[in-house]
Each structure stands twice: as structure tokens, then as C-alpha cells.
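Single-letter residue listing:
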Protein chains: 2
Amino acid sequence: MSELPDGWETRGKLPTLFRRFDFEGYRQTRDFVDALSALSEAQGVHPQSINFGSTYANVTLDPNAAGQADRDLAVRINALYKPAGV
Amino acid sequence: MSELPDGWETRGKLPTLFRRFDFEGYRQTRDFVDALSALSEAQGVHPQSINFGSTYANVTLDPNAAGQADRDLAVRINALYKPAGV
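From a predicted model like this one, the values you see are computed outputs, not experimental measurements.

Caption draft 1: How the structure looks around the nonpolar core. Counting 32 residues, the largest nonpolar core has Ile50(A), Ala57(A), Ile50(B) and Ala57(B) as the members making the most contacts within it. Sequence-distant contacts of Ile50(A), defined by excluding residues within four places in its chain, comprise Val33(A), Leu36(A), Ala57(A), Val59(A) and Phe52(B).

This is the structure in C-alpha cells:
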């Protein structure tokens, strides 16, 4: 398997692509989730699931995430991420 | 413990309030999550976590969810829900 986008790992047998993003507060988390939604609309593809609370968002991409298209989505999601203190 | 809002159950030792909402498609799910976000802003309180995929959103309210304030939030979240086929 070729190299994964920064911070992402494969999970499961059909493997999914998973990454946890951490934030300073709820506002930053919501902004990220909203930006991810806008990206999904623009790309016509959305994550298998998004689980978010006050200061984190766990993003899982579809089982075909081993394919290049979903890796491209992972890279685009990374580009939305502004970690605390950076 | 007094009666819980429709569809909600307590989970865990500190108990949280949990409910799963099902939808026809991603668009309906996103509309619900967006409406829940707007409600959170208006109320100044937000769920402990929201986990959503194409056709579902699992909502967990904070451990103090046994209190009346969080039950009121659960009732308001229910009011946002337009189940498929209703």
C-alpha cells in the first residue's frame, strides 16, 4: 500500500481511513465540521462518519478509502485543519 | 428518576442521555445536524458528542443530562427531528 496522507491510519478489514482532529474549543470544532460539510458538497463525496464533541472530531472515510480518490479527500480534509497553537 | 423525553435513554454511570435519529439520506442528516448546531448556539449548550453518517445521527448529552435543563434540550432536539415517512 502506498503512503497514507499525514495523520491518517487504516482501520478494519475492508479498511477505512481514520483520523482524529483536536481543537481548542467547541467553536473551532464546529468551524471544522462546517468546512468539512462544505467540502463534501463541493466534492460530491462525504465521510462514512464524523463523530465530534467539544474539542475533537473523529473522521472515518469509506471502505474504498484505500483508493486514490479517498486519499485525495483525506489530503483536502487535512488542509481544513488548523491545529491549536499553530 | 422522572420520565425521559421520547426516544431517549440514559447510558453509563454518570448517566448520559443518548438517542439515535435515522434519516432517508445524507441531505436530511446534514439538515438535522445543522439545525442542532443552530439550536446549540441559541441555547448556549451543546451535546457531549454527535456521531453522524449518511443516514443517522447519534446524539449524547452531558453527564448532568439527568437534570431538567438537559431534558429540555432533548425535547427541543426531538422537535427538530422529521423522521422518514412522517
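Caption draft 2: The relation of the copies chain A and chain B, seen in detail. After a rotation of 180° and a shift along the axis of 0.0 Å, chain A superposes on chain B with an RMSD of 0.0 Å. The relationship between the two copies is best expressed as a two-fold rotation axis. For chain A, the residue whose C-alpha comes nearest the rotation axis is Asn51(A), separated from it by 2.0 Å. In this assembly the copies share their binding face: 100% of the residues contributing to the interface of chain A also contribute to that of chain B.

Caption draft 3: Spotlight on the pairing of strand β3 (residues 49–53) of chain B. Burial along β3(B) is one-sided: Ile50(B) and Phe52(B) are buried, and none of Ser49(B), Asn51(B) and Gly53(B), which face the opposite way, are. Relative to β3(B), strand β3 (residues 49–53) of chain A runs antiparallel, the two sharing five bridges. Paired with Phe52(A) across the bridge in β3(B) is Ile50(B). In the sheet, β3(B) pairs with strand β4 (residues 56–61) of chain B via four bridges, with the strands oriented antiparallel. Counterpart to Ser49(B) in the pairing with β4(B) is Thr60(B).

Caption draft 4: The arrangement of the environment of Glu24(B) in detail. Residue and element names in this part refer to chain B. With respect to the secondary-structure elements, Glu-24 resides in the loop between β2 (16–22) and α1 (26–43). C-beta crowding within 10 Å serves as the criterion here: with 13 such atoms nearby, Glu-24 is assigned to the partly exposed category. For the pair Glu-24 and Pro-83, spaced 59 residues apart in the sequence, the C-alpha separation amounts to 8.1 Å.

Caption draft 5: Broad picture of the sheet that holds strand β4 (residues 56–61) of chain A. With antiparallel pairing, the eight strands of this open sheet are ordered in space as β1(A)-β2(A)-β4(A)-β3(A)-β3(B)-β4(B)-β2(B)-β1(B). Two strands bound the open sheet, and with one partner strand each, they are β1 (9–11) of chain A together with β1 (9–11) of chain B. Direction aside, the axes of adjacent strands within the sheet are offset by 25° on average. Here β1(B) runs beside β2(B); their pairing, made up of three bridges, is antiparallel.

Caption draft 6: Representation of the interface of chain A and chain B within the structure. On the side of chain B, ten residues touch chain A, which itself brings ten residues to the contact. Per-element accounting of the side of chain A that touches chain B gives the leading share, five residues, to β3(A). Within the side of chain A that touches chain B, the residues separate by chemical class into three nonpolar, six polar and one charged.

Caption draft 7: Up close: helix α1 (residues 26–43) of chain A. Residue and element names in this part refer to chain A. Over its 18 residues, α1 runs 25 Å from end to end, which matches the ideal 26 Å to within 8%, given 1.5 Å per residue. Burial in α1 covers these residues: Thr-29, Phe-32, Val-33 and Leu-36. For α1, the angular spread of buried residues about the axis comes to 95°, placing them on one side. Residues of α1 that are exposed and angled more than 90 degrees away from the buried face: Arg-27, Ala-38 and Ala-42. Directly beyond the C-terminal end of α1, a positive phi value near 70° is found at Gly-44.

About the thresholds
- Residues numbered from 1 in each chain as written.
- Chains lettered and ligands numbered in written order.
- Predicted model: local features only at pLDDT ≥ 70, side-chain atom pairs only at ≥ 80, totals over all residues.
- Core = buried A, V, L, I, M, F, W, Y, C linked by C-beta atoms within 7 Å.
- Buried ≥ 20, exposed ≤ 12 C-beta atoms within 10 Å, placed from the backbone.
- Contact = placed C-beta atoms within 7 Å.
- Least-squares fit on C-alpha atoms with pLDDT ≥ 70 in both.
- Helix = DSSP H or I, 4+ residues; strand = E, 2+ residues; numbered from the N terminus.
- Pairing = 2+ DSSP bridges.
- Axes fitted to C-alpha atoms, helices over the stretch in contact; angles between N-to-C directions.
- Nonpolar A, V, L, I, M, F, W, Y, C, P; charged D, E, K, R; others polar.
- Expected span 1.5 Å × (residues − 1).
- Arc of directions from axis to C-beta.

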